[in-house]
Amino acid sequence: MSAVSDRLPAFPWDKLEPYKKTAAAHPDGIVDLSVGTPVDPVPELIQKALVAAADSPGYPTVWGTPELRDAITGWLERRLGARELTHRHVLPVVGSKELVAWLPTQLGLGPGDRVAYPRLAYPTYEVGARLARAEYEVYDDPTELDPANLRLLWLNSPSNPTGRVLGRQELTRIVAWAREHGVLLVSDECYVELGWEADPVSVLHPDVNGGSYDGIVTVHSLSKRSNLAGYRAAFLAGDPAVLGPLLEIRKHGGMMTPAPVQAAVVAALSDDVHVREQRDRYAVRRTALRAALLSHGFRIEHSEASLYLWATRGESCWDTVAHLAERGILVAPGDFYGTAGAQFVRVALTATDERVAAAVERLGHAT
């Protein structure tokens with residue numbers, strides 16, 4: 001019997017190691033703009049909530065505390081404009097990557113079922129399909145897909161890696177198409193609070209879904225908006241007919257968010273001030289890096305939202321990675337996200353002000 005690992009592609013980040021060594025050899029140290037992991041402190045009110053709940057000897061519940069579910073529904077209504085949500089419309093998960101990787105399996109997908117995701121996309125959408133032994137394909141416009149046996153349609157707005165935002169009319173059209181053909185639509189909205197030149201809209205908004213959550217689920221994460229990547233804090237929202245069975249499966253699998261993390265999430269979702277402060281930090285870094293890349297001869301596409309700049313010099317992404325590594329700057333090659341990214345790199349905004357300033361200074365030298 002083949003090992004499960006045989007179904008998976010090579011882990012892409014391993015290919016970046018030689019370039020990381022080159023960048024790390026820079027006399028002033030590496031500027032790592034590749035992975036996109038938060039570097040700023042966890043807000044104090046969240047840390048305090050975690051510590052206050054540290055004495056948690058009992059098992060937490062998969063569905064989370066009522067306070068957690070209240071905080072999730074409150075945030076969805078306050079920030080995304082969702083309406084008439086109940087606890088049945090939400091489900092905490094142990095970080096969004098876990099959910100993306102295992103959702104096709106937990107939905108019961110397998111050989112003969114199809115999963116579709118954007119042509120440029122987070123690699124874990126493909127991984128999830130492979131783990132379930134389902135078929136997978138990419139799209140430019142999902143409404144042009146053959147709906148036969150299409151069981152799961154991934155949207156991602158704002159996009160990782162491109163930062164592209166799907167507009168309200170486009171989302172409305174896609175939701176209607178998915179419902180017409182009985183396709184479950186799952187919208188990855190982990191960057192929804194990080195719009196710069198566009199105002200991202202959730203498929204949970206009544207203007208998009210017509211006031212019904214039938215056939216739609218959204219994925220949300222606190223990793224970037226609250227610097228909680230280390231906490232593994234995320235949740236789903238949408239159709240109770242989908243979330244109910246997922247809850248039962250996850251109960252059997254013991255997929256529980258730790259109790260102290262649940263308390264921390266309540267604090268994080270109940271406060272908007274720290275999110276604005278973190279946005280402001282990223283906005284300053286984005287402005288500086290964008291200007292430096294443009295002056296260095298890059299062209300930037302999309303990037304109107306999320307925590308990345310999608311940039312190209314019109315050459316192989318690996319040539320660009322090598323070019324920047326020689327200057328002590330590490331970025332992600334675009335082909336990690338699909339063959340359409342072969343001439344692009346993804347530049348993360350998640351570095352300290354000091355490291356961003358170092359990158360800007362290095363990019364200011366001759367190309």
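Procedures and definitions
Residues numbered from 1 in each chain as written. Predicted model: local features only at pLDDT ≥ 70, side-chain atom pairs only at ≥ 80, totals over all residues. Heavy atoms only, no water. Pairing = 2+ DSSP bridges. Helix = DSSP H or I, 4+ residues; strand = E, 2+ residues; numbered from the N terminus. Axes fitted to C-alpha atoms, helices over the stretch in contact; angles between N-to-C directions. Parallel < 35°, antiparallel > 145°, perpendicular 65-115°, else oblique. Contact = heavy atoms within 4.5 Å. Nonpolar A, V, L, I, M, F, W, Y, C, P; charged D, E, K, R; others polar. Core = buried A, V, L, I, M, F, W, Y, C linked by side-chain atoms within 4.5 Å. Buried < 20%, exposed > 50% of the residue type's maximum accessible area, 1.4 Å probe, protein only. Right-handed = clockwise from strand over helix to strand, strands pointing away.

Caption draft 1: Inspection of the sheet that holds strand β5 (residues 150-156) at higher detail. The 7 strands are arranged β2-β8-β7-β6-β5-β3-β4 in an open sheet whose pairing can be described as mixed. The open sheet has two free edges, formed respectively by β2 (90-93) and β4 (135-139), since each of these has just one partner strand. Recorded for the sheet is a direction-independent mean angle of 20 degrees between the axes of neighbouring strands. For strand β7 (residues 216-221) and strand β8 (residues 234-238), the ladder comprises 5 bridges, and the chain directions are antiparallel. Across the sheet, the residue bridging to Val217 is Gly238, located in β8.

Caption draft 2: Expanded view of the packing of helix α1 (residues 17-24) against helix α11 (residues 317-325). The interhelical angle for the contact between α1 and α11, taken along N-to-C directions, is 25 degrees, at an axis separation of 8 Å. The angle between α1 and α11 falls in the class roughly parallel. In contact with Tyr19, Thr22 and Ala23 of α1, α11 contributes Trp318, Val321, Ala322 and Ala325. Its residues assigned to classes, the contact of α1 with α11 comprises 6 nonpolar, 1 polar and no charged.

Caption draft 3: Spotlight on the nonpolar core. Among the nonpolar cores identified, the biggest contains 67 residues, and Leu33, Trp154 and Leu236 are the most heavily contacted of them. When residues of this core are assigned to their parent elements, the largest contribution, 5 residues, is made by α11. Listed in part, the 43 residues of the second largest apolar core include Leu76, Leu171, Ile174 and Leu222.

Caption draft 4: The pairing of strand β6 (residues 184-188), seen in detail. Of all 5 residues in β6, 5 are buried; the element is thus mostly enclosed. Because side chains alternate across β6, one face comprises the buried residues Leu184, Val186 and Asp188, and the other comprises Leu185 and Ser187, equally buried. Where β5 and β6 come together, 5 bridges link them in parallel fashion. Paired with Asn156 across the strands is Asp188, a residue of β6. What joins β5 to β6 is helix α6 (residues 168-180), and the crossover it makes is right-handed.

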